[in-house]
Amino acid sequence: MHARMNHPVMVLPDAMKVLQSLGALTQNGLPEKLLELVHLRASQINGCSVCVDMHARAARRHGEADERLFAVSAWRDTPYFTDAERAALALTEELTRLPDRADPVPDPVWNAADKHFDEAELATLLLAIATINVWNRLNVAVRQPVGAWKG
C-alpha cells in the first residue's frame, strides 16, 4: 500500500507542531489507558487503520489487557469497562459521529461524562477526541499505510 500523497503534516511541518502540541495538552489529567481507549474507539469509527494499529499498540504498552482492547468496539455489551470509561467512550462516539441532528451530544451522554470527570478532565477529554478525529481524517484522506509511522 502507498499513500496518495505525502502526509499533510510532512508537507506543512507547522501543522505537525500544532497537532503534537494539542496531543501534548491531553497527556495530563487523564489516565493514559483511558486516552488510548478513546483514541482507539474514534479510530475504529473513522476507519483509520493507522490509528487503530497505533493506539492498540500504545494501549498495550500502557498495560491494557487484550480482552479489553478486543472489546472496545462492543464496549456497551461487555463487563470490562468502568462507568467512567463507558462515559468517555459514549462521548467519543457522539463527538466522532456528528450527524445532522438537532442535538449531536445528547444530555444523557454529556451528564454521564460530567458525573465522572471534572471540568479540566472534560476539557482534556474533548481535546483528545477532537485531536484524534483530526489525525483520523488526515490519515484516511491520504490513505496513510499502517506501519509507516511507529507509535
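Conventions adopted
Counting restarts for each chain: residues are numbered from 1 in the order of the written sequence. Reporting of local features is limited, given that this is a predicted model, to residues whose pLDDT is at least 70; pairs of side-chain atoms are given and counted only at 80 or more, and all residues count toward the totals for whole chains, interfaces and linings. Neither water nor hydrogens contribute to the side-chain values; these are computed over all heavy atoms in the structure. Under the scheme used here, helices are H or I runs from DSSP no shorter than 4 residues and strands are E runs no shorter than 2 residues, and both carry numbers assigned from the N terminus. For each residue, the accessible area found with a 1.4 Å probe, counting protein chains only, is set against the maximum for its type, and the residue is called buried under 20%, exposed over 50%, and partly exposed in between. Two residues form a contact once any of their heavy atoms are found within 4.5 Å. Method for areas: the Shrake-Rupley scheme with a 1.4 Å probe, in which residue coverage is limited to the protein chains shown. In this count, Lys and Arg are taken as positive residues and Asp and Glu as negative ones, while His and the chain termini are left out. In plain terms, the charge of a residue is placed at NZ if it is Lys, CZ if Arg, CG if Asp and CD if Glu. Salt bridge, as used here: a side-chain nitrogen of Lys or Arg that lies within 4 Å of a carboxyl oxygen of Asp or Glu. Axis geometry follows a simple rule: fit a line to the C-alpha atoms, using only the stretch in contact for helices, then measure angles between N-to-C directions, giving values from 0 to 180 degrees. Should an angle lie under 35 degrees it is considered roughly parallel, over 145 roughly antiparallel, and from 65 to 115 roughly perpendicular; all remaining angles are considered oblique. Note on convention: the crossing is left-handed when the near helix lies turned anticlockwise from the far helix by less than a right angle, right-handed when the turn is clockwise. Here the term charged refers only to Asp, Glu, Lys and Arg, the term nonpolar to Ala, Val, Leu, Ile, Met, Phe, Trp, Tyr, Cys and Pro, and the term polar to all other amino acids, Gly among them.

Caption draft 1: Summary view of the overall build of the protein chain. Tallying secondary structure elements over the protein chain gives eight helices and zero strands in all. Taken from the N to the C terminus, the helices and strands of the protein chain come in the order α-α-α-α-α-α-α-α. Projected onto the principal axes, the alpha-carbon positions of the protein chain cover approximately 40 × 35 × 30 Å. Buried positions account for 40% of the 151 residues belonging to the protein chain. The contacts in the protein chain between residues at least 6 apart in sequence include a share of 68% that link residues at least 24 apart. In the form shown here, the protein chain has an accessible surface area of approximately 8,300 Å², with 56% of it arising from carbon and sulfur atoms. Here the protein chain contributes 16 positive and 19 negative side-chain charges, whose respective centroids are spaced 9 Å apart.

Caption draft 2: Region of interest: the pattern of salt bridges. Overall, the coordinates contain nine salt bridges when judged by the stated rule. Of the charged contacts in the structure, one is a salt bridge between Asp14 and Lys17, with a shortest N-O distance of 3.5 Å. With Asp14 and Lys17 both in helix H2 (residues 13-25) and three residues apart, the pair spans about one turn of that helix. Using a relative accessible area of 53% as the deciding quantity, one classes Asp14 as exposed. With a closest N to O distance of 3.0 Å, Arg57 and Asp53 form a salt bridge. You can see Arg57 and its partner Asp53 sitting in helix H4 (residues 49-61), four residues apart, about one turn around the helix. Residue Asp53 is classed as partly exposed on the basis of its relative accessible area of 24%.

Caption draft 3: The arrangement of the environment of Lys17 in detail. Since its relative accessible area comes to 54%, Lys17 is described here as exposed. For Lys17 and Leu126, which are 109 residues apart along the polypeptide, the C-alpha to C-alpha distance reads 19 Å.

Caption draft 4: Broad picture of the environment of Pro106. Relative to the assigned elements, Pro106 resides in the loop between helix H6 (83-96) and helix H7 (107-116). C-alpha separation for the pair Pro106 and Asp118, spaced 12 residues apart in sequence, amounts to 18 Å. Leave out the neighbours within four places in its chain, and Pro106 touches Glu94 and Arg101.

Caption draft 5: The arrangement of unusual backbone geometry in detail. One non-glycine residue, Arg143, lies in the positive phi region at around 55°. Here Arg143 shows up in the segment after helix H8 (119-142). The partly exposed category is assigned to Arg143, whose relative accessible area is 48%.

Caption draft 6: View of the packing of H6 against H7. Two elements in contact, H6 and H7, have axes whose closest approach is 9 Å; the angle formed by their N-to-C orientations is 140°. When the axis of H6 is compared with that of H7, the two are oblique. Classified by chirality, the crossing of H7 by H6 is left-handed. Contacts between H6 and H7 involve Asp83, Ala84, Ala87, Ala90, Leu91 and Glu94 from the former and Val109, Trp110, Ala112, Ala113 and His116 from the latter. Looking at the contact of H6 with H7, its residues break down into eight nonpolar, one polar and two charged.

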